[in-house]
Amino acid sequence: MARHIVARTSDIPPGGNKVFGVEGRDIVVFHVNGEFFALLNRCPHAGAPLEKAACVARLTSPEPGVYQRSRVGELLRCAWHGWEFDMRNGQSYFDPKRFKIRSYPVAIESGEALVEDLAKGLEDLEKGPYVAETFAVHVEDSYVIIET
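For clarity, every value in this text was computed on a predicted model and none was experimentally measured.

So, the pairing of strand β2 (residues 17–22)
Across six bridges, β2 lies against strand β3 (residues 25–32) in antiparallel orientation. Bridging across to β3, Asn-17 finds its partner in Phe-30. Hairpin connection from β2 to β3: two residues lie between these consecutive antiparallel strands, with Glu-23 at a positive phi of about 50 degrees.

What follows is the structure, given as structure tokens:
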């Protein structure tokens, strides 16, 4: 799996989303209830951009006249034709055996951890005859990483 750093966590406001081009695909990242979810930005029905989808809640009714909302903001309703999907795994609610949106694993990592990983990779390189002056680097933010 390839890892792609796409944004700082602060770049996607709570309740918002942002589209990123990753390996020739548009992937939309949603920030909902403190979590991040990444999906292919295309409804399988007619190709509508899911970045325009409404983030809705699951609505159930244990008895007539009584309604309960759960998973607020975690379901997507396509803006073009109203098809609904679970943003955690891309599952459709109208025909789960035939339709699904591709979902991608998302990780949140601190900038410090990313810098440390980069430095470890540089240690394996063969050293040349010249040495440049170096300075400590500190990254004080968290980043959204999509795995493809």
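Still to come is the rest of the account.
What about the packing of aromatic side chains?
Inspection of the entire model under this criterion finds one aromatic pair. Ring plane angle 70 degrees and centroid distance 5.1 Å describe the contact between Trp-83 and Phe-99, whose orientation is recorded as edge-to-face. Taken together, the residues span a long stretch of sequence, with Trp-83 in the loop between β6 (66–77) and β7 (84–86) and Phe-99 in the loop between β7 and β8 (103–104) at a distance of 16 residues. Neither residue differs from the other here; Trp-83 and Phe-99 are each classed as buried.

What to know about the sheet that holds β6
Pairing between the strands of a sheet comes from backbone hydrogen bonds, and it takes one of two forms, parallel or antiparallel. In spatial order, the strands read β5-β6-β7; together these three strands make up an open sheet with antiparallel pairing. With one partner strand each, in any of the chains shown, β5 (54–63) and β7 form the two edges of the open sheet. Strand after strand, the sheet turns through a mean of 55 degrees between neighbouring axes, direction not considered. The pairing of β5 with β6 spans seven bridges and is antiparallel.

Section: the nonpolar core
Ranked by internal contacts, the top residues of the largest apolar core, which has 16 residues, are Phe-30, Leu-39, Cys-43, Leu-50, Leu-76 and Met-87. Those elements giving two or more residues to this core turn out to be β3 and β4 (35–40). Broken down by element, this core gets its largest block of residues, three residues, from β3. With residues up to four places along the chain from it excluded, the contact list for Leu-39 reads Asp-26, Ile-27, Val-28, Phe-30, Leu-76, Met-87, Gly-90, Ile-101, Arg-102, Ser-103 and Tyr-104. One finds Ala-7, Val-29, Ala-38 and Val-144 within the second-largest nonpolar core, a separate group that totals 12 residues.

A few points about the sheet that holds β3
One open sheet holds the four strands; their spatial order is β2-β3-β4-β8, and the pairing between them is antiparallel. Only two strands of the sheet have a single partner each, and these edge strands are β2 and β8. Across six bridges, β3 lies against β4 in antiparallel orientation. Looking at β4, one finds that Ile-27 is bridged to Leu-40.

Rules used in this analysis
- Residues numbered from 1 in each chain as written.
- Predicted model: local features only at pLDDT ≥ 70, side-chain atom pairs only at ≥ 80, totals over all residues.
- Heavy atoms only, no water.
- Pairing = 2+ DSSP bridges.
- Helix = DSSP H or I, 4+ residues; strand = E, 2+ residues; numbered from the N terminus.
- Phe/Tyr/Trp six-rings, centres within 6.5 Å; stacked < 30°, edge-to-face > 60°.
- Buried < 20%, exposed > 50% of the residue type's maximum accessible area, 1.4 Å probe, protein only.
- Axes fitted to C-alpha atoms, helices over the stretch in contact; angles between N-to-C directions.
- Core = buried A, V, L, I, M, F, W, Y, C linked by side-chain atoms within 4.5 Å.
- Contact = heavy atoms within 4.5 Å.

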